[in-house]
Amino acid sequence: MSDEQQAQASNFLSSSKAYESHEVEAKWYARWEEAGVFEASHGDTDLRGEAERETYTIAIPPPNVTGSLHMGHACRTTFEDVLIRHQRMHGKDTLWLPGTDHAGIATQVVVERMLAREGTTRHDLGREVFIERVWQWKEESGGRILAQLRRMGASCDWTRERFTMDEMLARAVREAFVRLYEEGLIYRGSRLVNWDVATQTVLSDLEVEQEEGVEGEMFDFAYALEDGDGELVVSTTRPETMLGDTAVAVHPDDARYAHLHGKKLRHPFVDRLVPIITDAELVDPEFGTGAVKVTPAHDPNDFATGKRHGLEEINILELDGTLNAEGGPFAGMDRFDARKAVKQKLEELGFARGTKKHTMTLPRSQRSGTVVEPMISTQWFVKMEPLAKPAIEVVESGEIQILPEEWNKTYFHWLRNIQDWCISRQLWWGHAIPAWYCADCEEVTVARETPAACKGCGGTKLRQDEDVLDTWFSSALWPFSTLGWPDKTRDLERFYPTQDMETGYDILFFWVARMVMMGLHFMDEVPFKRVLLAGLVTDERGEKMSKVKGNVIDPLDVIDGSTGEALIAKAEKAGAAKSGVRYLKKTYPDGFMSYGADALRMTLLSYSPQSKRIALSIKRIEGYRNFSNKLWNAARFSLMKLDGEEARATGEAPAATALANRWILSRMAVALEAAETGLGSYRLDDASQALYHFVWDELCDWYLELSKPLLEGDDAALVAETRATLVHVLDATLRALHPMMPFITEELWQHVPKAYEVEGDFSTIVLAPYPTAAKDGRLDTEAEASFRVVSDFVKAARTLRAEHDLPRSRPIEIHWHADQAATAEVLLAEQKLVEALTQSSLKREEDGSLFDDPAAHFEDAALFIVPGLRAAVPGVVDVEKERSRLTRELKKIEKDLATVEKKLANESFVARAPEAVVAQEHERRSDFSARVERVRAALEGLG
RNA sequence: AGGCACGUAGCUCAGUGGUAGAGCACUACCUUGACACGGUAGGGGUCGGCGGUUCGAAACCGCCCGUGCCUACCA
């Protein structure tokens, strides 16, 4: 050990008994980033023999540039970081490409709010100045979320950070748009679209949320026949739309209305005759009056009906949701005011025919929350069917694997029923549509660069389309646009296709499916091999986190700690409702301790990926904070024992002869195998669980305890072997845990005396080899079987102590007899260890018959009986305690025995169950019945 | 309306045909030189209900009840 290391080590050993995450996290992230350990190969260095190295790439789901870190990000970041760190340690050339999304509407809204505070609007500034302001804002505060990802430990390659509005990506967007247009897959058309009157833009179907179970009312009113001979009653939940009615439809076979076919109705407010048409598709004669008002410009079904019958489409709305001139007397009113006014006027005119309560679903804008209006508008669309087909095929063929698998169905269902995608948005912030309109002719010029002349007439009076593209259009290109496409860059060549796409299931359609389509279309290759979908993080009650509910848990508060008051203040500032504040007060009265990033990461990893909800429990985080501490102290103990000694971790399991050493290396192999399997199959919960239990239940509970007497013994070879095992197990454990708990493992690993170094700017665990069962463990079933003898014995002795209130300070003597010679040999060989763990002295009894009537041979003895072994502890018995203890034990075994006997008495079971299962039951029966007999004998001996 | 999940200990969750598990909470004891953010021992479950398949079901199938999400429709 160098002087520096030595000094560091003793400094560390005298350090805190509890793990303090704060400094450790700050120190190591800075160091890692400085040294560039997260960077993928750049092509100009050959530090780690990149030519031969396989690549492993993850494209980050880019968070909104406006955003700040929430639990969803924390979850994404942790999962991806674990995957990428694991592969990096396996020697892959890993690229985790970070970046942010320009988030059209969200960002524009944020900046507009800022302007409102300044007393101005984007319209006052004008488009160019406004966009400048957005960029300025982005430069000032857009980096916050990326800084927060660093707090989580995200090992992204920051040298390749991207933003969806970067010129590089803008070029890709133009290229993609132009190609799709030239291929006829992008078209401009007039359609009924979803209009958000608040933000005044069109929305795609996916951006519309359905609010279910809304209590509304159905209003009936009559249209008078033109000839004055009667009326026709229709129903509506949106009375104002009658101003756009251009027909009333009845079912062709409906006898009630047969006499009205071909007649006309007089519109009460506008000078228009409304024809009565027959339509079997639109009309259900059983529903309502069996007559349906048709408003082609404001309802999807009516729109289709209008197309079938060649009806006039009358748009009655302005873009802000007020009624236009078509509204006649109601022109200029807001849509909801007009609704009331129309109803009232119809009542006055005597056309109202009553209202009924009606439960309905309201379409609301995901962004503004306002009720979306269907409106006819000319927009840009992507033709989806031809793109969807190959995207379906790659999942069917397994070229892309979706995990958990149940999402396949959802993916297929959506793609098989896909609608064309409306990609234009009436916003200012976003990618401009590369289409130009000519003042002199009808031609639209779509081009990569601003065209000099109209491609139709050659005219030069061109005006660019004022709309921008849906944010998801640029996101769909993310896996290759970030690597330089359409140029054939080295990075694109080397890192595309990526391997894993990890994200929340909520954006499977929005993003994942579209990336698959675009990747296949433009790259002719899938954008990733696996899609890993995780659940959504909710509060402890399973409710979605929302600012209003006040149940948002900020990952940074969990990492750094926060007082109850601070939590409430923050929630109130964010606009929490009173009930939300109450919930917060009740659930987290004392706020959070500082749990550290590693604990938060482990907690998020501990949830099964197939659960859709991750109901984050602070108690669980606390549990993993405790685990951090356990690991910290296990390392402190080990390092203390190794301090000043020669032992060095070699990166390979040392040869071991002692049972304890053989056993822990075997358990290490099992744990590493489980970790590797879990990490490989996206069962990060299994992987982290396996290591957690290895560290706590095996390393700490048993091995460290066993190592104490071993290290203090006088057999020099044994001491050396144990030191070698201890230092190796510590080293390998830290490396195994590093992808999950990067900070604490680095801090500890730096103090582990090692005989190997990791190449690079400094020797870091980030680049250390991931441990494997073959190299770092040694499976040893014999050692495990022998160890079971020891642990059964120790546990039984401890139970006896506990039940007889025998404090550890009181030494006891244990007389034992094993049925099998092999068992006896193990206990004789490990006698010192067992004595140390049980604070007892052992005495073997060769004659098993002594235990047939223990009372006769051991004075006042308590007994324990484990499979194949009996033991007596004389001089301690409290007859009553012993009786109740043995009775309880007897009951337990008898119950087990009864179950087994019932099974074996069943002829069908014996005849049909697999032989091995039957044999196992037989074995259990003989074991149980032997123990029952022995416990009974012991009870009888008590008198 | 259809689809997809989910319902396991007081709480949060694993477990997918062969002995019901973890963490937290709970009870008792223990301040032992790694760790009280700890240790040892213990209590606690008719696996939502009812049927079926099977030698055997928490798991597979059907129905029902409850919860959540998604898609569609809603004159």
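For the structure itself, look to the data block above.
The structure contained in this document is the topic of the report that follows.

Pairing within the open sheet is mixed, and its four strands lie in the order 27-26-29-28. What marks the edges here is a single partner per strand, and that holds for strand 27 (840–844) and strand 28 (862–866). Direction aside, the axes of adjacent strands within the sheet are offset by 25° on average. As paired elements, strand 26 (residues 812–818) and strand 27 share five bridges and run parallel to each other. Opposite His815, over in strand 27, you have Lys843 as the bridge partner. Packing against the sheet, helix 27 (residues 781–803) makes contact with strand 26, strand 27, strand 28 and strand 29 (869–873), and its axis sits at approximately 150° to strand 28.

Moving on: unusual backbone geometry. In this chain, Leu403 is followed by Pro404 through a cis amide linkage whose omega measures -10°. Position of Pro404 relative to the elements: it lies in the loop between strand 15 (401–403) and helix 12 (407–416). For the bond from Trp485 to Pro486, the omega torsion is 10°, close enough to zero to count as cis. Structurally, Pro486 is set in the loop between helix 14 (478–481) and helix 15 (490–495). Located in the positive-phi region is Gln839, a residue other than glycine, with phi close to 50°. Counting through the fold element by element, Gln839 comes out in the loop between helix 29 (831–838) and strand 27.

So, on to the packing of aromatic side chains. On inspection of all chains with the given rule, the structure shows 37 aromatic pairs. Their ring planes at 55° and their centres at 5.6 Å tell us that Tyr29 and Phe38 sit as a pair that is tilted. Here a set of aromatic residues connected by ring pairs shows up, and it is made of Phe177, Tyr181, Trp380, Trp421 and Phe473. Of note, Arg122 hangs over the ring of Trp428, and the distance from its end group to the ring centre comes to 4.7 Å. Over the ring of Phe163 we find Lys138; its NZ or CZ atom is 4.3 Å from the centre of that ring.

A water-sized probe rolled over the atoms picks out the places where empty space is left. If you walk through the whole model with that rule in mind, you get four cavities of 30 Å³ or more. A volume near 40 Å³ is recorded for the second largest cavity. Every residue lining the second largest cavity is listed: Pro404, Glu406, Trp407, Tyr505, Leu533, Ala534, Gly535, Pro609, Gln610, Ser611 and Lys612. Residues of the lining of the second largest cavity, tallied by class, amount to six nonpolar, three polar and two charged.

Glancing now at the sheet that holds strand 6 (residues 201–203). What the four strands build is an open sheet, ordered 6-5-14-16; its pairing is antiparallel. Only two strands of the sheet have a single neighbouring strand rather than two, namely strand 6 and strand 16 (421–422). Judged from the two bridges that link them, strand 14 (residues 373–382) and strand 16 form a sheet pairing that is antiparallel. Directly across from Phe381, in strand 16, lies its bridge partner Cys422.

Our focus in this paragraph is the side chain of Asp81. Within the secondary structure, Asp81 sits in helix 3 (residues 71–89). Given a relative accessible area of 0%, Asp81 falls into the buried group. One polar contact links Asp81 to Arg601, side chain to side chain, over a distance of 2.8 Å.

Taken together, the buried positions of helix 7 (residues 144–151) are Ile145, Leu146, Gln148 and Leu149. The buried side chains of helix 7 occupy one side of the element, clustering within an arc of 155° when seen end-on. On its buried face, helix 7 is in contact with helix 3, strand 3 (99–100) and helix 17 (555–560). Looking at the residues trailing helix 7, positive phi occurs at Gly153, about 95°.

Another point: the packing of helix 12 against helix 16 (residues 508–523). Describing two packed helices takes the angle between their axes plus the distance from one axis to the other. Packing of helix 12 against helix 16 leaves a shortest axis separation of 11 Å and a crossing angle of 75°. By the criterion of interaxial angle, the relationship of helix 12 to helix 16 is roughly perpendicular. Mapping the contact onto sequence places Trp407, Thr410, Tyr411, Trp414 and Leu415 in helix 12 and Leu508, Phe509, Ala513, Arg514, Val516 and Met517 in helix 16. Considering only residue class, the contact of helix 12 with helix 16 consists of nine nonpolar, one polar and one charged.

Glancing now at the pattern of salt bridges. All chains considered together, the criterion is met by 67 salt bridges. Asp93 is the partner of Arg494 in a salt bridge, and the nearest nitrogen-oxygen pair spans 2.8 Å. Placement of the pair is Arg494 in helix 15 and Asp93 in strand 2 (residues 93–97), with a sequence separation of 401 residues. Residue classification places Asp93 among the buried residues on the basis of a relative accessible area of 1%. Between Arg683 and Asp686 there is a salt bridge; the shortest N-O distance is 3.9 Å. Bridged by salt links that share partners, the residues Asp157, Arg160, Arg490 and Asp491 form one connected network.

Our focus in this paragraph is the pairing of strand 22 (residues 500–504). Counting buried positions along strand 22 yields five of five residues, so the element is predominantly enclosed. Summarising the sheet, strand 22 and strand 23 (residues 530–534) pair through five bridges and their orientation is parallel. Its bridge partner being in strand 23, Thr503 is matched across the sheet by Leu533. In the classification by handedness, the crossover that spans strand 22, the intervening helix 16 and the parallel strand 23 is right-handed.

This part covers the protein's contact with RNA strand B. The full set close to RNA strand B counts 57 residues, and Ser235, Asn301, Arg808, Arg912 and Arg924 are the nearest of them. Sugar and phosphate atoms constitute 59% of the interface atoms of RNA strand B, taking the interface as everything within 4 Å of the protein. In the environment of RNA strand B, a base nitrogen lies 3.3 Å from a nitrogen or oxygen atom belonging to the backbone of Thr361. At a separation of 2.9 Å, a sugar or linking oxygen of RNA strand B approaches a polar side-chain atom of Asn633. If one sorts the elements of the surface near RNA strand B by residue count, helix 21 (residues 618–642) sits on top with 10 residues. Along the lines of polarity and charge, the residues of the surface near RNA strand B split into 19 nonpolar, 16 polar and 22 charged.

Parameters and conventions
Residues numbered from 1 in each chain as written. Chains lettered and ligands numbered in written order. Predicted model: local features only at pLDDT ≥ 70, side-chain atom pairs only at ≥ 80, totals over all residues. Heavy atoms only, no water. Pairing = 2+ DSSP bridges. Helix = DSSP H or I, 4+ residues; strand = E, 2+ residues; numbered from the N terminus. Axes fitted to C-alpha atoms, helices over the stretch in contact; angles between N-to-C directions. Contact = heavy atoms within 4.5 Å. Phe/Tyr/Trp six-rings, centres within 6.5 Å; stacked < 30°, edge-to-face > 60°. Lys NZ or Arg CZ within 6 Å of the ring centre and 35° of its normal. 1 Å grid on protein atoms, 1.4 Å probe; cavity = no way out; pocket = protein on both sides within 12 Å on 5 of 7 lines; lining within 4 Å. Points joined across faces, edges and corners; volume = space filled by probe spheres on them. Nonpolar A, V, L, I, M, F, W, Y, C, P; charged D, E, K, R; others polar. Buried < 20%, exposed > 50% of the residue type's maximum accessible area, 1.4 Å probe, protein only. Polar contact = N/O pair within 3.5 Å; in protein donor to acceptor, adjacent residues only side chain to side chain. Arc of directions from axis to C-beta. Parallel < 35°, antiparallel > 145°, perpendicular 65-115°, else oblique. Salt bridge = Lys/Arg side-chain N within 4 Å of Asp/Glu carboxyl O. Right-handed = clockwise from strand over helix to strand, strands pointing away. Near = heavy atom within 4 Å.

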